[in-house]
Amino acid sequence: MKRLTALALCFAMLLPCLLLSSCGGETADATTDDGTYTVTFSVNGEETSVEVAAGEIPEYPGDLSWETDEHYYKITGWDKEFAPADADTTYTAIVGEYGLTVYDVRFNLKTGIVKVPTHEGETPIPPKGYETDLTNVQVIGTFDHWDSEIVAPTAENMEGKKFVMYNPVYVYSTRYYTVKFVIGENEYEVEAAANSVPECPADPTESDDAANKFAGWDKEIKAVTGDITYTAFYGGTMGVEITPAKDGAKAVLTMTYDDGDLATAIWVNQKNKQYGLRGSCMIIASRAAVTDHVAEWRAVFADGTLDPQCHSWTHSSDTVEGPQSLYQREIVDSKTRLEGYFPEKGIICYATPYCQVRNYSYQTDAAGNVVKKNGEPVKVYDGGSNALIQKTYFVNRNGTEGLQPLDPTLDDKAGGWYNVYVQWFYNKTSQTDAQRTGWIDDAVKKSGWLIILAHQIVDSPDNEYKLSKTNAETFFQHASPYVKSGELWAATFGEATKYIRERQNATAYRKMEDGVLTVGVKIDRTTADGLYMDESVFNYPLTVKTKVPAAWNTVSYEFNGETVTTAVKTDPDTNQKYVLVNVIPGGDGAVSSVRVERAD
């Protein structure tokens, strides 16, 4: 009896729950067995239902616009904002009814004119992007109003116009940018007005310790034209240096071919590919052999084994002594013409015709005629051709014979930048193959820069300035093993000049943190003789030799977007392990760096 009473009480307690469940009471909004809700979209009385997972924002699956024979319809909104599904619900569309005629409505934004095709009676919606004018780096424009009220186009208000244009009106104010200075683990943020030079609010100098000395910022601090971050670079100069030649080579070989002979350039280009050599064509800018065949020259230079450099405008003997107007044409105008023919090649090297320069020019009258006194031209000691060459170029090949040092001085003395040593290729019985190949051996032994001065290379030379292809190839064959071994860097005149000029104006740094070695280079782009090394031309990678831990055998680093893996070497004199890393110099006074990590 007690058992039957207990069962009756239990059933009585469960009965209300069972009734609620079966009659769709408060539990009707619970998710279905698969965890979804039913969302219904009502458009002009027609309903479409979809199942939406709990928490998911529904999307209307139908068309947002349609048309009939008489009207164009568009959903302009819904009775409520779409929200994450948490119950069965219905959204009712707000539908606009418009005419079928489409009008050309345009919005004249700062970024350009945007067309918004609009049906008759439909109010056009401005495209995104009009709210702020960011086209000027100095000021920022905040949208204020349209130059006329935006209205729905109709036949009446269009009045036969082909289109209607709306122009935004802005209120302008000084534009500010966010500038961040990162010093170690600290970050300082300042707002800087456009075109102002930002200042770091903290002193980046942390220590005089050589191992943790402030080296500079990762880029040159300039007037701001956008949000930017500057990072302080720290490290020491001990145990790190820029090698005298690329990739740690002992010596440099530069072949120069005078006057601009296309046949010679084509033949040499193929031999350069075969033997791993490089060189420069010293071009006379006005000669038909060049001006009438620019496309062929470009094709040769595109292979990269040769580059164009300057050998005056006409190679006239008058360039030895003349008025400044003549020097201007021969020295400066020739450079300008070659830069027009071969843009982005960097015409930075000059080869003086007849290997002579003067420190004076001739006085001229108003008509440009040379003034004479007692039958002799009147000299003006204004620096002459020598001064103009030094103002225009980074090096002058002036013809003195010998082995060029890897550290030219900033003068026109033999071995200086404006009178580099050369070795002439002659077709003379007094100059043998053994003598010429001996120049290569000597350069590697003495760690010098061997600059070869050659002219035409032909099958059968008929004068002393031409060299036979057989003699030239003997020289190439002798140089090739040195190049392959890495002892000799074969470089164009331009490449060698860029590398050495950069090295003479750069400092290398290193720091070691958490097992990662950072190698940096800081360059002063204004040389001691007052020339500016533009970053678009002087962007040649410098090779940095830096010590590494004794346990390291292989390292890797990123260079030009690629991972470079290289072996660690051991210095035989100090038994110190080191690695060679290539770093491209950055902006003036800025530190460009690479992260070097152990790869073995």
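Q: Account for the environment of Val 357, with residues named and values stated.
A: Looking at the element boundaries, Val 357 is found in the loop between strand E20 (349–351) and strand E21 (361–362). The class for Val 357 is buried, based on a relative accessible area of 18%. A sequence separation of 205 residues divides Val 357 from Glu 562, and the C-alpha atoms of the two residues are 46 Å apart. Once you skip the residues sitting within four places of it in the chain, Val 357 turns out to touch Thr 352, Ser 385, Asn 386, Ile 389, Asn 396 and Asn 398.

Q: Before we move on, could you go through helix H3 (residues 262–275) and cite the residues and values that matter?
A: Taking 1.5 Å as the rise per residue, H3 with 14 residues should run 20 Å; its terminal C-alpha atoms sit 20 Å apart, in good agreement. Regarding H3, the residues found buried are Leu 262, Thr 264, Ala 265, Trp 267, Val 268, Asn 269, Lys 271, Asn 272 and Tyr 275. Here the buried face of H3 lies against strand E17 (251–259), strand E18 (279–283), helix H5 (294–302), strand E19 (306–310), strand E28 (457–458) and helix H9 (469–485). At the exit of H3 stands Gly 276, carrying a positive phi of roughly 75 degrees.

Q: Let's hear about the packing of aromatic side chains: which residues, and what values?
A: Counted under the stated rule, the structure contains 38 aromatic pairs. On the numbers, 6.3 Å between centres and 55 degrees between planes, the contact of Trp 424 with Tyr 465 is tilted. Linking Trp 424 in strand E26 (residues 423–424) with Tyr 465 in the loop between E28 and strand E29 (467–468), this pair joins segments that are 41 residues apart in sequence. Given a relative accessible area of 39%, Tyr 465 falls into the partly exposed group.

Q: Give me the lowdown on helix H8 (residues 433–446), citing residues and values where you can.
A: With 14 residues, H8 ought to run about 20 Å at 1.5 Å a step, and its terminal C-alpha atoms sit 20 Å apart, in line with that. Those residues of H8 that fall on the buried side of the exposure criterion are Arg 436, Thr 437, Trp 439, Ile 440, Ala 443 and Val 444. Down the axis, H8 shows its buried residues gathered within 130 degrees of arc, on one side only. The exposed residues of H8 that point more than 90 degrees off its buried face are Ala 434, Lys 445 and Lys 446. Those residues of H8 that are buried are in contact with E17, E26, strand E27 (449–454), E29, H9 and strand E30 (488–490). Ser 447, located one to two residues past H8, shows a positive phi value of around 55 degrees.

Cut-offs applied
Residues numbered from 1 in each chain as written. Predicted model: local features only at pLDDT ≥ 70, side-chain atom pairs only at ≥ 80, totals over all residues. Heavy atoms only, no water. Helix = DSSP H or I, 4+ residues; strand = E, 2+ residues; numbered from the N terminus. Buried < 20%, exposed > 50% of the residue type's maximum accessible area, 1.4 Å probe, protein only. Contact = heavy atoms within 4.5 Å. Expected span 1.5 Å × (residues − 1). Phe/Tyr/Trp six-rings, centres within 6.5 Å; stacked < 30°, edge-to-face > 60°. Arc of directions from axis to C-beta.

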